[in-house]
Amino acid sequence: MVNKMKSPNQKKTDRRTLYTQMVIKDALLELNKETAYDKINVTMVCRQAEIARSTFYLHFDSLDEVLDSVIDDALLFSESGSGTVVDVLDIIRSGRSDVLSKNETVLPACQRIADSDKYHHLFMDVSVSDHIIQRIAAHEHDKVVPDLMAHTGLAADEAEMLFKFILNGSFAVNRSLSWEKNERWYRYQQILGRFINAGIQ
């Protein structure tokens with residue numbers, strides 16, 4: 001019988017490890033309420049989480065790895081909905097914009113995440129916007145790009161460019177509106193949706 005040894009760098013996933021990782025991620029989110037991500041360091045996170053630096057490095061290699069894990073958690077959290085930017089465009093094209101306010105599960109992932117108290121400050125932090133956008137793009141790419149190709153007849157590289165344009169533009173507009181889904185937000189979604197649909201046509 002072969003005795004399989006775990007390498008020292010292999011991270012455990014037992015209950016205590018998961019709890020410690022959660023404490024570290026929550027500490028980062030708590031600090032981010034008052035401090036921009038690019039001003040936060042490992043020492044601050046350890047102090048907030050009440051752990052030693054050695055404990056931090058048992059679970060994460062860097063602060064960016066913590067951030068990635070936080071964003072991945074947020075994307076999993078958002079999967080209670082199933083909407084993408086293509087769904088929103090279809091709804092606006094059909095003239096049924098009221099569906100956006102009545103059924104939030106059709107909204108894209110970033111809007112569902114940023115609307116939550118837990119992740120709102122992170123999504124308002126300009127210093128980390130590009131990082132969040134790249135993580136969302138990686139998460140949504142394989143779902144949205146084929147949908148765009150099917151809806152528009154564009155080639156893969158063209159649909160990918162349109163996806164990047166919509167994601168970056170939508171993120172910037174939403175952040176400027178503090179991610180608040182009020183009457184003005186719905187009006188702007190309709191305007192932007194009509195603009196993008198007209199471009200597609």
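Below or above, wherever it landed, is the structure these notes cover. All residue numbers refer to positions counted from 1 along the written sequence of the respective chain. Selection of residues for local features in this predicted model requires a pLDDT of at least 70, selection of side-chain atom pairs for listing and counting requires 80 or more, and totals for whole chains, interfaces and linings are taken over all residues. Only hydrogens and water are set aside; all other atoms, that is, all heavy atoms of the structure, feed into the side-chain values.

Considering helix 11 (residues 183-200)
Here's step 1: Numbering of helices and strands starts at the N terminus; helices are DSSP runs of H or I of at least 4 residues and strands are runs of E of at least 2. Expected helix span is computed as 1.5 Å times (number of residues minus one). Here helix 11 contains 18 residues, and its C-alpha end-to-end distance of 26 Å stays within 8% of the 26 Å for a straight helix at 1.5 Å per residue.
Here's step 2: Remark: exposure states derive from per-residue accessible area (1.4 Å probe, protein chains only) relative to the maximum for the residue type, with buried under 20%, exposed over 50%, and partly exposed in between. Those residues of helix 11 not exposed but buried are Trp185, Tyr186, Gln189, Gly193, Ile196 and Asn197. For helix 11, the buried positions fall inside an angular range of 100° around the axis, keeping them on one side. Facing away from the buried side of helix 11 by over 90 degrees, the exposed positions are Glu183, Phe195, Ala198 and Gly199.
Here's step 3: We call two N or O atoms a polar contact when they sit within 3.5 Å, provided that within protein one can donate a hydrogen and the other can accept it, with sequence-adjacent residues counted only if both atoms are side-chain atoms. Where helix 11 begins, the capping side chain belongs to Asn182, and its oxygen is found 3.2 Å from the backbone nitrogen of Arg184. Here the arc refers to the set of directions running from the helix axis out to each C-beta atom.

What to know about the packing of helix 10 (residues 156-176) against helix 11
How two helices sit against one another is set out by the angle between their axes and by the gap between those axes.
Here's step 1: For the pair helix 10 and helix 11, interaxial distance at closest approach is 12 Å and the crossing angle is 160°. Looking at the two axes, helix 10 sits roughly antiparallel to helix 11. Like other packed secondary-structure pairs, helix 10 and helix 11 cross with a definite hand, here right-handed. Each of Leu162, Phe165, Ile166, Val173 and Asn174 in helix 10 lies in contact with helix 11, whose residues at this interface are Trp185, Gln189, Leu192, Phe195, Ile196 and Ile200.
Here's step 2: Only Asp, Glu, Lys and Arg are considered charged, only Ala, Val, Leu, Ile, Met, Phe, Trp, Tyr, Cys and Pro nonpolar, and every remaining residue, Gly among them, polar. Among the residues forming the contact of helix 10 with helix 11, the class breakdown is 9 nonpolar, 2 polar and no charged. Helix axes are fitted to C-alpha atoms over the stretch in contact, other axes to C-alpha atoms as well, and angles between N-to-C directions run from 0 to 180 degrees. Throughout, the term roughly parallel applies to angles under 35 degrees, roughly antiparallel to angles over 145, roughly perpendicular to angles from 65 to 115, and oblique to all others. Crossings are assigned a handedness: left-handed for a near helix turned anticlockwise from the far helix by less than a right angle, right-handed for a clockwise turn. Any two residues having at least one pair of non-hydrogen atoms within 4.5 Å are treated as being in contact.

Notes on unusual backbone geometry
Here's step 1: Phi at Glu50 is positive, roughly 60°, even though this residue is not glycine.
Here's step 2: By secondary structure assignment, the location of Glu50 is in the loop between helix 2 (42-49) and helix 3 (53-59).

As for the packing of helix 9 (residues 129-152) against helix 10
Here's step 1: Look at helix 9 against helix 10: their axes get within 9 Å of each other, and the N-to-C directions meet at 135°. With respect to their mutual orientation, helix 9 and helix 10 come out oblique. Where helix 9 crosses over helix 10, the handedness of that crossing is right-handed. In this structure, helix 9 contributes Ser129, Ile132, Ile133, Ile136, Ala137, Glu140, His141, Val144, Val145, Leu148 and Met149 to the contact, and helix 10 contributes Ala156, Ala159, Glu160, Leu162, Phe163, Leu167, Asn168, Phe171 and Arg175.
Here's step 2: Considered class by class, the residues forming the contact of helix 9 with helix 10 number 14 nonpolar, 3 polar and 3 charged.

None of this, on its own, says anything about what the molecule does.
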